[in-house]
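Secondary and tertiary structure notes
As a plain string of letters, each chain reads:
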Amino acid sequence: MGIVLAQLRHRFGRAVALLAALLVAVTSFAVLTATVSTQRLEVTGTVNNNARGAYDLLVRPAGSKSDLEVRDNLVSSTALTSLTGGITTAQWQRILKISGVGVAAPIALVGYALPTVNVPVDLSGVVTPGQKSQVYRVESTQISERGLTSIPAHDQFSAPGSYVFISNAPMGAADSPNGPVPVLNKANGEGKQICPRPTLTVNPQTNEVSTFVEISCGSINATNTYNAPGGANSHASGSAEPTGVTSVSWTFPYLIEAIDPVQEAKLVGLNTAVTKGNYFSGDQGPTQATGTLAALLGDQGADGDEKTTLTRIPVLLANRTPVDEQLKVAVSRLPAAAADQVAAGLDPTQLVSTLPQMSGTPVTTLTVDAPTAYSALLAALEGKSATNSGQNTLDQYLSALPITYNDQGSGLAASALPKGANPLLPSHALSFRLGTGDLGNTGDLVDTATRSMKLHVAVLNQQVGNQVQTAPGFDVVGEFDPAKLTASSSGLGGVPMETYFPAAASGADPTSRAALGGKTLLPNGNVRGLLSVPPSMITTLSALSVIDNPKQYDNTTAAAGVSTAAPISVIRVRLSGALGLDAASRERVRLIAQEIHDQTGLDVDVTMGSSPAPVTIQDPAGRYGRPALALSELWSRKGVAALIVSAVDRKSLILFILVLVVCALFVTGATGAAVRARRTELAVLACLGWPPRRLFGLILTEVGALGLVAGIAGALLSLPIGHLVGVPVDVGRAALAVPAALLLAVIAALWPAIQSSRAHPGAAVSPAVSGPKRAVRLAGIFRLSLANLRRVPGRAVLGATALGVGVAALVSLAGISSAFHGAVTGTLLGDAVSVQVRGTDYVAAAIAAALGAFTVVDMLYINIRERFGEYALLHAIGWDDGAVVRLVLSEAAVMAAIGAVGGGVLAWVALTVFGGPLPGSVVLPSAGIVVVAVLLTVIGAAAPVSVMRRSSAAAILAED
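Computed from a prediction, not measured in an experiment: that's the story for all the values here.

Below, the discussion takes up the sheet that holds strand β8 (residues 171-174). In spatial order, the strands read β8-β9-β10; together these 3 strands make up an open sheet with antiparallel pairing. Only two strands of the sheet have a single neighbouring strand rather than two, namely β8 and β10 (191-193). Strand after strand, the sheet turns through a mean of 35 degrees between neighbouring axes, direction not considered. Examined bridge by bridge, β8 and strand β9 (residues 181-185) share 4 bridges and lie antiparallel to one another. Along β9, the bridge assignment pairs Ala 174 with Val 181.

On to the pattern of salt bridges, then. Here the structure, examined in full by the defined rule, presents 13 salt bridges. Note that Lys 65 and Asp 605 form a salt bridge whose closest N and O atoms lie 3.0 Å from each other. With Lys 65 in the loop between β1 (57-60) and α3 (67-72) and Asp 605 in strand β31 (residues 603-606), this pair connects stretches of sequence that are 540 residues apart. For Asp 605, a relative accessible area of 0% translates into the label buried. Measuring nitrogen to oxygen at the nearest pair gives 3.9 Å for the salt bridge that ties Arg 137 to Glu 139. With a relative accessible area of 8%, Arg 137 lands in the buried category. Judged by its relative accessible area of 38%, Glu 139 falls in the partly exposed class. Salt bridges linked by common partners bring Arg 60, Lys 65 and Asp 605 together as one network.

What follows concerns the environment of Glu 257. Secondary-structure assignment places Glu 257 in strand β13 (residues 254-259). Taking relative accessible area as the criterion, Glu 257 reaches 0% and is therefore assigned buried.

Now for the nonpolar core. Membership of the largest hydrophobic core comes to 103 residues, with the highest contact counts inside it found for Leu 57, Phe 252, Leu 270, Ile 571 and Val 573. The dominant element in this core, judged by the number of residues it contributes, is strand β3 (residues 101-113), at 10 residues. When neighbours within four sequence positions are excluded, Leu 270 is seen to be in contact with Ile 259, Glu 264, Ala 265, Tyr 279, Leu 316, Phe 480, Leu 485, Tyr 500 and Ile 538. Val 135, Phe 165, Ala 339 and Val 352 belong to the second largest nonpolar core, which has 21 residues in total.

A large share of β3 lies buried, amounting to 12 of its 13 residues. By the bridge criterion, 6 bridges tie β3 to strand β30 (residues 570-575) in an arrangement that is antiparallel. Within β30, the residue paired with Val 101 across the bridge is Leu 575. Both β3 and β13 contribute to a ladder of 6 bridges, which runs antiparallel. Residue pairing in the sheet places Ala 113 in a bridge with Tyr 254 of β13.

According to UniProt, the feature "transmembrane region" (unreviewed entry) maps to residues 653-675, 695-719, 731-751, 796-822, 842-862, 883-910 and 922-943 in the numbering used here. Here residues 695-719 is 100% helix and 0% strand, with 37 Å between the C-alpha atoms at its ends. Note that residues 922-943 is 100% helix and 0% strand, and that its end C-alpha atoms are spaced 32 Å apart.

Another aspect to go through is the packing of aromatic side chains. For the coordinates displayed, the defined rule picks out 2 aromatic pairs. Ring geometry for Tyr 279 versus Phe 280: centroids 5.6 Å apart, planes at 55 degrees, classification tilted. You'll find Tyr 279 and Phe 280 in the same group, each marked buried. A ring pair is formed by Tyr 397 and Tyr 553, whose centres lie 5.3 Å apart and whose planes are at 70 degrees; its orientation type is edge-to-face. Pair noted here: Tyr 397 is in strand β19 (residues 396-400) and Tyr 553 is in the loop between α12 (544-547) and β30, with a separation of 156 residues, a long-range link. Summarising the burial analysis for this pair, Tyr 397 and Tyr 553 share the class buried.

This part is about the packing of helix α4 (residues 89-96) against helix α13 (residues 583-600). Between two packed helices, what matters for the description is the angle formed by their axes and the separation of those axes. Their axes nearest at 10 Å, the elements α4 and α13 cross at an angle of 145 degrees. Between α4 and α13 lies a crossing whose hand is right-handed. When α4 is examined against α13, the residues Gln 91, Arg 94 and Ile 95 are found in contact with a partner set consisting of Ile 596, Gln 599 and Thr 600.

This part is about helix α9 (residues 370-381). End to end, α9 covers 16 Å across 12 residues, agreeing with the expected 16 Å (1.5 Å per residue, within 8%). Burial in α9 covers these residues: Ala 370, Ala 373, Tyr 374, Ala 376, Leu 377, Leu 378, Ala 380 and Leu 381. Once α9 finishes, Gly 383 follows within two positions and takes phi at roughly 70 degrees, a positive value.

This brings us to the confidence of the model for the protein chain. Low-pLDDT stretches of the model should not have their predicted coordinates read in fine detail. Looking at the protein chain, the pLDDT average stands at 76 and 70% of residues meet or exceed 70. Per-element averaging of pLDDT across the protein chain places helix α10 (residues 431-434) at the bottom with 44 and α4 at the top with 95. Below pLDDT 50 for its whole length, residues 425-437 participates in 36 contacts with residues either more than four positions away or in separate chains. Below pLDDT 50 for its whole length, residues 827-837 participates in 40 contacts with residues either more than four positions away or in separate chains.

Attention now goes to helix α7 (residues 336-343). If you check which residues of α7 are buried, you get Ala 338, Ala 339, Gln 341 and Val 342. Buried residues of α7, viewed axially, fall in a sector of 160 degrees; they line one side. Within α7, the exposed residues directed more than 90 degrees away from the buried face are Ala 336 and Asp 340. Looking at the buried side of α7, the elements it contacts are β5 (133-144), β7 (162-167), β11 (214-219) and α8 (348-351).

To continue, consider the environment of Val 274. In this structure, Val 274 sits in strand β14 (residues 274-277). Remark: the alpha-carbon pair of Val 274 and Leu 485, spanning 211 residues in sequence, is separated by 9.2 Å. Setting aside residues up to four positions removed in sequence, Val 274 forms contacts with Tyr 279, Leu 316, Glu 479 and Phe 480.

Definitions and cut-offs
Residues numbered from 1 in each chain as written. Predicted model: local features only at pLDDT ≥ 70, side-chain atom pairs only at ≥ 80, totals over all residues. Heavy atoms only, no water. Pairing = 2+ DSSP bridges. Helix = DSSP H or I, 4+ residues; strand = E, 2+ residues; numbered from the N terminus. Axes fitted to C-alpha atoms, helices over the stretch in contact; angles between N-to-C directions. Salt bridge = Lys/Arg side-chain N within 4 Å of Asp/Glu carboxyl O. Buried < 20%, exposed > 50% of the residue type's maximum accessible area, 1.4 Å probe, protein only. Core = buried A, V, L, I, M, F, W, Y, C linked by side-chain atoms within 4.5 Å. Contact = heavy atoms within 4.5 Å. UniProt positions renumbered as here; feature names shortened; annotations may be inferred. Phe/Tyr/Trp six-rings, centres within 6.5 Å; stacked < 30°, edge-to-face > 60°. Left-handed = near helix turned anticlockwise from the far one by under 90°. Expected span 1.5 Å × (residues − 1). pLDDT = per-residue confidence, 0-100. Arc of directions from axis to C-beta.

Dropping the structure here:
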């Protein structure tokens, strides 16, 4: 042991260099493996926390998956709202009984209702005092789709605009069958009835109703027994709408769906989201009663004393609207001639030919938002609105057929239906109310359509016993807030939840993003468009016995979107017990999904472990300003969580092996350099009679002692370094550095020790130069550098190999990282994990590069130091410093090029064999790594060159 310590003291510089190499390798290995382990825990934690959405399985009718869904392992974002049946209640009950199924919550999509809400507009603030009479025109425009769509009211309704007449004369009221009629009292005491109810006529050939103007009349005179008191006249004492108040019509759609109350409460906590009233009872269904409409519905505006039989279905109402829309109301004052015509008592059907043609003076602009209109609709549905009566019965509803898409490979293109493709025929009973054309040209339905609709109208005035049947009514049991549900559609593991949350889409290209102002596109009132509104009204499955009943509604056939035999659209299944991403959990989910399919024949999607992924949809241009848009919808990509866990496990293993190999090669190179520097000493010891085994033991003991010291120091250093870089290194992992360093040092010293023990003493003293096979005339420094490398092939190969391994490590790391990111990105969860692990990649790359660089520099230093004598001889025969430096750098460049290119090619081949063709994101960085490695090697060779230039040629030659 004494000679070992003496040797270490004698070669103190080389011992310190080797100790430093071991210390860097061990510390780097401890920190890097801790980093990889921490990364895996963080990634798997993120994945496990987002692996289960609201449900684990989505059951759909057989054959309902699109080609894109099948091809790309996707579930459409509209999977819950694009089907109107296909699953029977018997199939649902079979699913409930399957072992392992905790919740099986069905959805039966009913369809859309299109009530027209009258939103009050108060003009009392713009009335001109002192003027004899005034007429104001009120024109509304529906603004939606981030301001891109503007639909004027005259394109939506039979009445082209609304008008307000205000007089300063006394006003009374006259009775009529349709309510009070205003009477304008002249100065001479005569009274003139004005603003009569329109005299409507129906064209017998087309069944179209005559057009008319909506006109509201009032007076600011204190003697006013027609209008109710209001802002323009607080002294009025009548019952009609206040003076200066009119209303604008807004067709406000809502979607109706049916659920099972018990299963829905278990799945999403709908019972806990009720903010007003109550939740459904477990078996709550339709009820029947007899009486007057006003009494049965509790509707303030319902009239008629005739008794009727009313069927009521229980409903929950959403307390907020998903519709993103505004109503812009423009008010203008018409000339005096307009007021004269109204004061003359002309019928609204006569005024329609004059008032719309008059030019007006703009007075003000008002804006009504969707929440305001929806609040009015809620009041009407609950029977608490006198101005919106008749809305709490379901007179008709629309069932939607699926959107027609053109599959473009990388995305879909929604096909626009030609105008008139969804006609409301003139002979239809509802044409009197809605007009004709595309579903009566009602509201936003006049805009571009991408899906067909089928209209179902209540069978009215049917005799039931001795009573008259009317349209089914709503029994509003309560209101719910979608934000209070226990499940949501957002998050990294979100699944389609369009039953409660609106579909949204963002711009998929710069043009579309600019058109949308960088915002997301939300649904408007065009229920035939691309984006559908989520249900605002929820009823129970029991109510389908009324809504799907051909005795209650017409056109209830499968071709018309109503499946009475199989009314359920989808079933969302959540399995019982805890589930993870381990193989056993995944197999359990697969087996239950297979059993559901085998027992029912339905399609089953495994949504556990899925994550939202963007799909590009081409939305055709609208008819009212919106350009064609490329939209990005978030569909669910299945199996993402399992893919990420598999990828991160594979990457962790490869990074672990890579770090181990780089550290081992680094120490091996340093140990080999130390042994080669001592070959003269070892040859002398061999001449003195030391046997090979003793020489072998000397080298192993020296290197082992340094390894032990390096292990202890590395263990102590890894703790603060890990804390400094934010990677927790536990004491156990740090303690492993001691035996790891000792083992690494011994293994690294084996080959150099074996070579030294086998070498002949004379060969060890002599330089390892191979003689040429034949004499060659060398012309130029480059050819001389090639010849020098051939003379010492062992050293050349060793240097090139050291650099090649470093380059191969870096290229492999780039390929591994790219393959990992490519495997998991493209979904919200994958993108989050990709960002999460990228820092670890950079740490690994930096340490690998540093270890490789140190290895190459050390190798070059020893290589040049051993050939000082040759360079001194060149100086002695007349070579100047510049020529010698160029020769050295040329040798370094050739060695580096061979090693770097060879290492890069080797890494490319390995990555291609084990991982498939390299993506373009790997090729360019890999080429850059090769080029940089060569440049750094040449720059690194400058250090020993400078040492050589400072040495005396005579002294070097004398030493040799």
